[in-house]
Every structure is written in structure tokens, then in C-alpha cells.
Amino acid sequence: MLRLYDTRARRVEQVVPEGARGLRMYSCGPTVYRFAHLGNLRSYLLSDMIRRVCERQGLRTVVCVNITDVGHLVDDAEIDPSGEDKVLRQARAEGRSAAEIARFYEDAFRADIGALNIRPPEHTPRATETIDLMIELIAKLIEKGHAYVVDDGSVFFSVESFPTYGEISGNRLDALKPAHRFEAPDPRKRFHADWALWKGSDRELTWEAPWGRGFPGWHVECSAMSLRYLGERFDVHTGGIDLRFPHHEDERAQSNAAVGHEVVAHWVHGEHLLFDGRKMAKSTGNVVLLSDVVEAGLDPLAVRLAMLEHRYRQQMNLTWETLRAADRTLRRWRRRVADWAEHPSRPIAAEYAGRARAAFDDDLDTPAALRVLRELEKDDAVPPGSRFETVLDLDHLLGLDLSRDIGTTPTLPPGAAELLERRERARAARDWAASDRLRDELAELGVKVADTPEGQRVVRD
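Quick notes on the rules
- Residues numbered from 1 in each chain as written.
- Predicted model: local features only at pLDDT ≥ 70, side-chain atom pairs only at ≥ 80, totals over all residues.
- Heavy atoms only, no water.
- Axes fitted to C-alpha atoms, helices over the stretch in contact; angles between N-to-C directions.
- Helix = DSSP H or I, 4+ residues; strand = E, 2+ residues; numbered from the N terminus.
- Parallel < 35°, antiparallel > 145°, perpendicular 65-115°, else oblique.
- Contact = heavy atoms within 4.5 Å.
- Nonpolar A, V, L, I, M, F, W, Y, C, P; charged D, E, K, R; others polar.
- Pairing = 2+ DSSP bridges.
- Core = buried A, V, L, I, M, F, W, Y, C linked by side-chain atoms within 4.5 Å.
- Buried < 20%, exposed > 50% of the residue type's maximum accessible area, 1.4 Å probe, protein only.
- Left-handed = near helix turned anticlockwise from the far one by under 90°.
- Expected span 1.5 Å × (residues − 1).

Caption draft 1: Region of the structure containing the packing of helix H8 (residues 301–308) against helix H9 (residues 320–340). Interhelical geometry of H8 versus H9 gives an angle of 105 degrees and a closest axis separation of 8 Å. With respect to each other, H8 and H9 are oriented roughly perpendicular. Along the contact surface, H8 presents Leu-301, Ala-302, Val-303, Leu-305 and Ala-306, while H9 presents Leu-323, Ala-326, Asp-327, Thr-329, Leu-330, Trp-333 and Arg-334. When its residues are assigned to classes, the contact of H8 with H9 shows nine nonpolar, one polar and two charged.

Here you go:
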């Protein structure tokens with residue numbers, strides 16, 4: 001069974017109990033005010049890998065990913081009801097309505113997820129369409145003494161009412177200091193680490209609530225949605241490592257305080273993505289979008305493959321060269337699969353398949369699984385028909401669409417696939433003399449090659 005590193009427990013644990021028939025998982029979704037960059041998208045690859053492994057093991061998997069289209073301020077470190085909402089600010093910048101901005105970037109996010117072959121979640125609730133759930137949750141927290149209303153109609157969570165706050169991040173209440181960017185803590189708070197569940201305001205995108213007109217805090221959104229769509233107990237909660245504190249700490253406190261017990265069994269976090277050695281973030285000006293990859297002539301699934309070369313909780317440095325290398329590997333594997341498809345089917349190579357599945361089960365050790373695939377590719381002792389069945393079986397987990405070229409490329413004569421790979425490596429190394437020599441050797445075998453901006457292609461006569 002699948003084992004993952006639980007951030008709260010600080011160890012690798014089996015995420016689904018023995019005998020369970022399903023898995024329920026929540027993943028913190030996008031704030032839809034801009035395009036998601038590759039670093040953002042890595043988090044959703046994590047939840048997709050969890051889903052694929054569990055479904056391959058026969059578990060019915062239900063996933064919820066929220067869409068934040070209100071309530072996420074430009075600076076959520078301190079509660080400021082006059083602060084700018086990210087969606088509203090972008091709407092003003094682009095001269096469109098908040099709804100238009102939110103739907104445009106939500107659609108773009110869904111398109112990126114589809115291009116990366118990430119299976120769509122069962123539930124994608126929008127914040128603006130679930131305000132009633134948040135108001136209901138806040139009312140329950142007030143009733144139970146975990147939240148309090150202040151004069152302007154804002155509602156704060158009383159963090160001192162939740163003794164186990166900090167178990168995810170290790171940030172203890174007695175060690176927390178007021179936000180350093182402000183001269184003094186918000187005087188409306190009973191304790192400086194309290195946070196707003198509801199922010200009293202009469203600006204655009206506000207709603208009526210029993211305690212006054214306003215809008216929900218960012219953190220309460222995920223609690224309300226996960227409790228509604230996944231229930232009071234669910235198996236896995238995923239997100240980027242930057243969400244451990246304060247977002248996930250606050251979410252855990254809200255959910256547990258509302259129902260009186262631990263809601264999330266396992267908290268799983270993915271590490272940061274660097275690009276060319278620098279953090280990928282709008283604030284650093286180092287942003288690469290999936291559309292940039294496509295415009296460079298690369299398959300978007302080359303991004304998926306490049307990310308799978310590293311474990312999800314390992315910081316990785318992506319570069320254009322690693323993306324180009326992943327694209328070449330992807331195209332080579334698809335050619336090999338198309339070639340093997342021309343041979344009689346044979347049983348799956350059990351030893352290779354077993355090792356790869358074990359790697360996935362071992363805290364999603366995708367680099368080890370890919371090494372198994374490379375070994376299998378080179379093992380001529382395994383019949384082509386067996387390699388074909390084994391690779392397609394593993395692709396249910398990898399999600400690389402390795403069967404795409406079946407029936408679209410000419411059947412290659414013996415030895416041609418190896419020559420094509422050698423020529424591809426020669427071209428990548430700019431060894432043009434070797435490339436020309438290998439082209440001649442391929443021609444002698446009756447294989448005609450054309451060079452394109454996307455790489456070499458076998459051409460039908």
C-alpha cells in the first residue's frame with residue numbers, strides 16, 4: 001500500500017488503512033487572478049500521483065480542489081479589511097470585472113492541468129459560490145467559543161482555544177511574534193496570532209452575515225469546503241510546502257475545533273521548484289508558464305517527466321536544458337512503444353513491473369520508477385511484446401501518454417531505433433559530422449529522416 005511522508009507526524013506512513021476501499025483527498029487550489037506557473041503546477045502533480053497509485057490499487061478516489069476567487073488578500077500575513085483582494089486588484093488592472101478575471105484564469109488553470117495529464121478532481125467548488133458554507137462554519141466556531149466578533153463585524157479565531165496549534169509546522173504559540181511588517185498587532189485581536197474568519201467591509205465582493213457585511217478570510221474557505229465535500233474525516237491533504245504555515249495550521253485548527261476531532265489523517269507537502277537556480281515566483285520575476293514551454297516547441301508532458309525525475313518532497317531545479325532533455329526522452333519512449341506494438345503481445349515483465357510499483361508505493365519514489373523503465377528499455381532479453389505491455393501498464397501511473405505514436409510512425413527495421421537514438425544524442429551535442437554519418441547509415445536501412453525544430457522525424461515515403 002502507498003506510504004507517504006506525513007508532515008505533521010514527521011515520518012513516512014501508510015495513508016490508507018488495511019481493508020479500506022477508497023481514498024478521499026483535498027488539495028489547496030489556485031487563486032485565480034493570474035496564470036499558474038510551473039512551480040504552482042507541481043503541487044497538483046503530487047495529488048495526481050497519489051490518485052493514480054491508489055486507483056491502480058483498486059481504491060475509489062475522491063478529490064476536492066478549491067477555486068479561490070475571493071478573500072485572498074495581496075498581503076494575508078496580517079488581517080487588513082481595507083487591503084486589496086488579489087482578484088479585485090487584477091480586475092482593475094485589466095479593466096474587467098472580478099467575475100470575468102476569475103473565470104478566465106480558472107479556465108486557463110484547467111487547461112494547464114489537462115495538458116499535464118492531471119486527472120480532474122470530482123469537486124472544484126468556488127469560494128464565491130460557497131459563502132453559505134463558510135458562514136455556517138464561522139457561526140459554529142463562535143458558538144463553541146473558538147471565535148469572537150469585534151465591533152466592525154469582523155470575526156477572529158481564538159488560537160489560544162486550540163492547544164495543539166503548531167503541530168504541522170512546529171511553530172509554537174509561545175514562540176510566535178507579531179508580524180514584523182507592522183508597528184503593532186491589530187488592537188481588535190485578543191491575541192496577536194488570532195486570524196480573521198470574516199472581515200467586515202462594504203467594498204465590492206461582500207456578503208451579508210449575522211455579524212455584519214463583509215467577506216471570508218482565505219483560511220476558512222478550505223475548512224468549509226473540505227468538510228462539506230469530503231466529510232468530517234478524510235485521508236490526505238496536499239499542498240505546497242509554503243502552505244504549512246499559516247494556512248494549513250489555521251485550517252487544521254478551524255476544522256478540528258468545529259467538529260471536535262482530527263479531520264485530516266495525513267498532511268503531505270511538495271517542495272519548492274527552482275528555475276535556473278532561483279525560486280519561481282512573480283515577486284522574483286522568475287516565472288515560466290506551461291504556455292512558454294509549448295511555445296518553445298516542447299511537449300507539455302516533458303514538464304511532467306522532468307518533475308517525475310525528482311521526488312515530490314525534494315527541491316528541484318528546472319532548466320530549459322532539462323526540459324529539452326525530457327522532451328527528447330519522451331519522444332524516444334513513444335517511438336520505442338510504437339515499435340514494440342508491432343510485435344506479438346507477451347505477458348507483462350513481472351519483475352520490472354513489481355519493482356516500479358514498489359517504488360511508487362515507497363513515498364512516490366518516481367526517480368526509482370523511471371530508472372526501472374530505462375533498464376527495461378535496454379533489456380533485449382525481454383521480448384518486445386512484453387516490454388510493450390509492461391510500459392503501458394506503468395504509464396497508468398506515470399501519465400506520460402507513451403502510447404500516443406502507436407500506428408502513426410513507420411515500422412523500423414532492426415537496428416534503426418538504436419541509430420536514431422545515437423543520432424539524437426549527436427545532434428544534442430552538436431556533433432554534426434556524426435549526425436550526418438548516422439543519417440547515411442539509416443538511409444542504407446531504408447529509413448529517411450527529416451530534421452525539424454522539434455527534433456528529428458522518421459518520414460514515410
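Following the structure, the description resumes.
Caption draft 2: Representation of the sheet that holds strand E6 (residues 155–157). The sheet built from four strands is open, its strands ordered E5-E6-E7-E8 with antiparallel pairing. Unpaired on one side and paired on the other, strand E5 (147–149) and strand E8 (214–216) mark the two borders of the sheet. If you compare each strand with its neighbour and ignore which way they point, the axes differ by 20 degrees on average. Relative to E8, strand E7 (residues 195–200) is paired through three bridges, and the arrangement is antiparallel. Each bridged residue has a counterpart across the sheet, and for Trp-198 the counterpart in E8 is Pro-216.

Caption draft 3: Fine view of the pairing of strand E3 (residues 22–27). In terms of strand pairing, E3 meets strand E4 (residues 60–65) through six bridges, oriented parallel. For Arg-24, the partnering residue across the bridge sits in E4 and is Val-62. Pairing analysis gives three bridges linking E3 to strand E9 (residues 234–240), with the strands arranged parallel. Each bridged residue has a counterpart across the sheet, and for Tyr-26 the counterpart in E9 is His-237.

Caption draft 4: Focus on the nonpolar core. Among the nonpolar cores identified, the biggest contains 68 residues, and Leu-38, Ile-50 and Leu-364 are the most heavily contacted of them. Here this core takes nine residues from helix H1 (residues 38–56), the largest share from any one element. The residues contacting Leu-364, other than those within four sequence positions of it, are Leu-2, Arg-3, Leu-4, Leu-46, Met-49, Ile-50, Val-53, Arg-311, Tyr-312 and Ala-359. In terms of nonpolar packing, the next biggest core, distinct from the first, is built from 45 residues, Val-70, Phe-162, Phe-191 and Trp-211 among them.

Caption draft 5: The arrangement of the packing of helix H4 (residues 131–143) against helix H6 (residues 244–259) in detail. Taken N-terminus to C-terminus, the directions of H4 and H6 make an angle of 65 degrees; their axes are 9 Å apart at the nearest point. By the criterion of interaxial angle, the relationship of H4 to H6 is roughly perpendicular. The crossing of H4 and H6 is left-handed. Counting all contacts with H4, which are made through Leu-137, Lys-140 and Leu-141, the residues of H6 involved are Gln-254, Ala-257 and Ala-258. Split by residue class, the contact of H4 with H6 holds four nonpolar, one polar and one charged.

Caption draft 6: Inspection of helix H10 (residues 350–361) at higher detail. Along its twelve residues, H10 runs 16 Å from first to last C-alpha, staying within 8% of the 16 Å computed at 1.5 Å per residue. What H10 keeps buried is the set Tyr-352, Ala-353, Ala-356, Ala-359, Phe-360 and Asp-361. Contact partners of the buried residues in H10: strand E1 (3–6), H1, helix H11 (366–378) and helix H12 (384–398). Taken from the residues just after H10, Asp-363 is the one with a positive phi, measuring 55 degrees.

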